[in-house]
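# Tertiary structure, described
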Amino acid sequence: MGSFNIKIDQSAKVFHAEVEGTFSPEDGQASIEAYSKAISSISVPEYEIDIDCTKLNVSAPDSLPLLEGCFGLYKKDGFKKVTLRIAKNPILKMQLSRVARTVKLDSYEIIEV
């Protein structure tokens, strides 16, 4: 089961998200709904999004379209920069990089912590 937590730092203009576990389609849909509700109160192009993925598991192939959809939202909504923080996990890093390239998300950075 996947979980998520969203926090907006309006003074620093950073949208913080924390994701962990393995997301089912239902978990993913719930996170997208919470994301959409949270961004409705901010001017997204003024913000960066910082996502803590240190407890996120590698996604199963059937969950990849959902992950691509999330990355597509970050691009469409126009965040200045997308930062993904991961634990040392070469497979997850490769998967996130591939998804970012697939949706042509240019302004992203993956940081291993």
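Residues numbered from 1 in each chain as written. Predicted model: local features only at pLDDT ≥ 70, side-chain atom pairs only at ≥ 80, totals over all residues. Heavy atoms only, no water.

The protein chain goes by STAS domain-containing protein in an unreviewed UniProt entry, where it is assigned to Paenibacillus oralis.

### Notes on the pattern of salt bridges
In this structure the tally under the stated criterion is 6 salt bridges. Note that Lys 93 and Glu 112 form a salt bridge whose closest N and O atoms lie 3.8 Å from each other. Note that Lys 93 is positioned in helix α3 (residues 90–102) and Glu 112 in strand β5 (residues 108–112), a separation of 19 residues in sequence. Judged by its relative accessible area of 32%, Lys 93 is partly exposed. Overlapping salt bridges bring together Lys 88, Lys 93 and Glu 112 as one network. (Salt bridge = Lys/Arg side-chain N within 4 Å of Asp/Glu carboxyl O. Helix = DSSP H or I, 4+ residues; strand = E, 2+ residues; numbered from the N terminus. Buried < 20%, exposed > 50% of the residue type's maximum accessible area, 1.4 Å probe, protein only.)

### Structural notes on the pairing of strand β3 (residues 48–56)
Bridge count between strand β2 (residues 14–21) and β3: 7 bridges; the pairing is parallel. When the sheet's bridge partners are listed, Gly 21 is paired in β3 with Leu 56. Once the chain exits β2 it traverses helix α1 (residues 25–39) before rejoining the sheet at β3, and the crossover so formed is right-handed. As paired strands, β3 and strand β4 (residues 82–86) are joined by 4 bridges and run parallel to one another. Across the sheet, Ile 49 pairs through a bridge with Val 82, a residue of β4. Taken together, β3, helix α2 (residues 64–77) and β4 constitute a β-α-β crossover, and its handedness is right-handed. (Pairing = 2+ DSSP bridges. Right-handed = clockwise from strand over helix to strand, strands pointing away.)

### Details of the pairing of β5
Here β4 pairs with β5 via 5 bridges, running parallel. Across the sheet, Thr 83 pairs through a bridge with Glu 109, a residue of β5. The β-α-β motif built from β4, the intervening α3 and the parallel element β5 has right-handed crossover chirality.

### Quick look at α3
Its 13 residues place the ends of α3 18 Å apart at the C-alpha level, agreeing with the 18 Å of an ideal helix rising 1.5 Å per residue. For α3, the set of buried residues is Leu 92, Gln 95, Leu 96, Ser 97, Val 99 and Ala 100. Of the residues one or two after α3, Lys 104 is the one with positive phi, at around 60°. (Expected span 1.5 Å × (residues − 1).)

### Looking at the packing of α2 against α3
Packing of α2 against α3 leaves a shortest axis separation of 9 Å and a crossing angle of 60°. In terms of their interaxial angle, α2 and α3 are classed as oblique. Crossing angle aside, the handedness with which α2 passes α3 is right-handed. Where α2 abuts α3, its residues Leu 64, Leu 67, Glu 68 and Phe 71 lie against Gln 95, Leu 96, Val 99, Ala 100 and Thr 102. In terms of residue class, the contact of α2 with α3 is built from 6 nonpolar, 2 polar and 1 charged. (Axes fitted to C-alpha atoms, helices over the stretch in contact; angles between N-to-C directions. Parallel < 35°, antiparallel > 145°, perpendicular 65-115°, else oblique. Left-handed = near helix turned anticlockwise from the far one by under 90°. Contact = heavy atoms within 4.5 Å. Nonpolar A, V, L, I, M, F, W, Y, C, P; charged D, E, K, R; others polar.)

### Details of the packing of aromatic side chains
Evaluated as defined, the whole model comprises 6 aromatic pairs. Centre to centre, the rings of Phe 15 and Tyr 35 are 5.7 Å apart; their planes meet at 70°, and the pair counts as edge-to-face. Remark: Tyr 35 occurs in helix α1 and Phe 15 occurs in strand β2; sequence separation between them is 20 residues. Accessibility expressed as a relative area gives 5% for Tyr 35, which makes it buried. (Phe/Tyr/Trp six-rings, centres within 6.5 Å; stacked < 30°, edge-to-face > 60°.)

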